[in-house]
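Below, each chain spelled out in residue letters.
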Amino acid sequence: MAETEKQQPHPDHHDEDVHDANYQAPPEKTIEEIMAADQEDESLRRYKEALLGAAQTEKIVVEPNDPRKVIVKKLALVVEGRDDMELDLTGDISQLKKQLFVIKEGVQYKVRIDFIVQREIVHGLKYVQKTSRFGMPVVVDKMKHMVGSYPPKKEIQFYLTPAEEAPSGTLSRGTYSVSSIFTDDDKHIHLEWDWTFEIKKDWA
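Residues numbered from 1 in each chain as written. Predicted model: local features only at pLDDT ≥ 70, side-chain atom pairs only at ≥ 80, totals over all residues. Heavy atoms only, no water.

- By the naming in an unreviewed UniProt entry, the protein chain goes by Rho GDP-dissociation inhibitor 3 and is assigned to Drosophila pseudoobscura pseudoobscura.
- Taken verbatim from the UniProt record of the protein chain, the Sequence similarities (unreviewed entry) comment is "Belongs to the Rho GDI family." (UniProt positions renumbered as here; feature names shortened; annotations may be inferred.)

Following this line, the structure appears as structure tokens:
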């Protein structure tokens, strides 16, 4: 099973890059508290209704046996003109390193994260990944994206990063190890996983 959401700050090497030590997240509020606030502001009330949708009138629980508010389902590498390369994040994530993505050098690609939000709204989701050459501790690339705040929905929601360019040239080819983390302003670790890809001269 995937790792469960941890409710305490995660003291590993990601923390300095993921969380601003000077930032204080606002207090967590339930959907009921959000809807009850500022009722006299008509435009704000309409905005909250549009944001929350069905979640304002019913408790949305997609997977009743899973206590997490955020369930990360899939990571995909998206390259225009090619089928998405996908990692299933719902199983044994310790085995993901055995799945090797092949990326052609110099191509433009995006990372897509598919996830479910249930029970309560989540604030300030972030996706962070660190990339290093396989077997070497030196980080060669960091990616940090503010994903945003999401209400509970019955459908899978997703975040697509801006385009990145794969490195190119003889020295850039080879296998890379990636550490990814999906977290939020309250330092909840929704999922943390490692995976690998290989830069080649061509797709084959």
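With respect to the sheet that holds strand β3 (residues 100–104)
Line of reasoning, step 1. Read from one edge of the open sheet, five strands run β3-β10-β9-β5-β6, paired in mixed fashion. Two strands lie at the open edges of the sheet, namely β3 and β6 (139–150), each paired on one side alone. The mean angle between the axes of side-by-side strands here comes to 25°, regardless of whether they run parallel or antiparallel.
Line of reasoning, step 2. The pairing of strand β9 (residues 174–183) with strand β10 (residues 189–200) spans ten bridges and is antiparallel. (Pairing = 2+ DSSP bridges. Helix = DSSP H or I, 4+ residues; strand = E, 2+ residues; numbered from the N terminus. Axes fitted to C-alpha atoms, helices over the stretch in contact; angles between N-to-C directions.)

Points about the pattern of salt bridges
Line of reasoning, step 1. Applying the stated criterion to the full structure yields nine salt bridges.
Line of reasoning, step 2. Across the salt bridge formed by K59 and E120, the nearest N and O atoms sit 3.0 Å from each other. Within this pair, whereas K59 is found in the loop between α3 (42–52) and β1 (70–78), its partner E120 is found in the loop between β4 (108–117) and β5 (122–133), the two being separated by 61 residues in sequence.
Line of reasoning, step 3. Ionic pairing is found between D185 and K126, a salt bridge with its closest N-O pair at 2.7 Å. Remark: K126 occurs in strand β5 and D185 occurs in the loop between β9 and β10; sequence separation between them is 59 residues. (Salt bridge = Lys/Arg side-chain N within 4 Å of Asp/Glu carboxyl O.)

Considerations on the packing of aromatic side chains
Line of reasoning, step 1. Here the structure, examined in full by the defined rule, presents six aromatic pairs.
Line of reasoning, step 2. With a centroid separation of 5.1 Å and 85° between ring planes, the pair formed by F115 and Y150 is classed as edge-to-face. One end of the pair, F115, is in strand β4; the other, Y150, is in strand β6, with 35 residues separating them in the sequence.
Line of reasoning, step 3. You can call F115 buried: its relative accessible area is 0%.
Line of reasoning, step 4. A relative accessible area of 15% means that Y150 is categorised as buried.
Line of reasoning, step 5. An angle of 50° between the planes, with centres 5.3 Å apart, marks the rings of F115 and F182 as tilted. Placement of the pair is F115 in strand β4 and F182 in strand β9, with a sequence separation of 67 residues. (Phe/Tyr/Trp six-rings, centres within 6.5 Å; stacked < 30°, edge-to-face > 60°. Buried < 20%, exposed > 50% of the residue type's maximum accessible area, 1.4 Å probe, protein only.)

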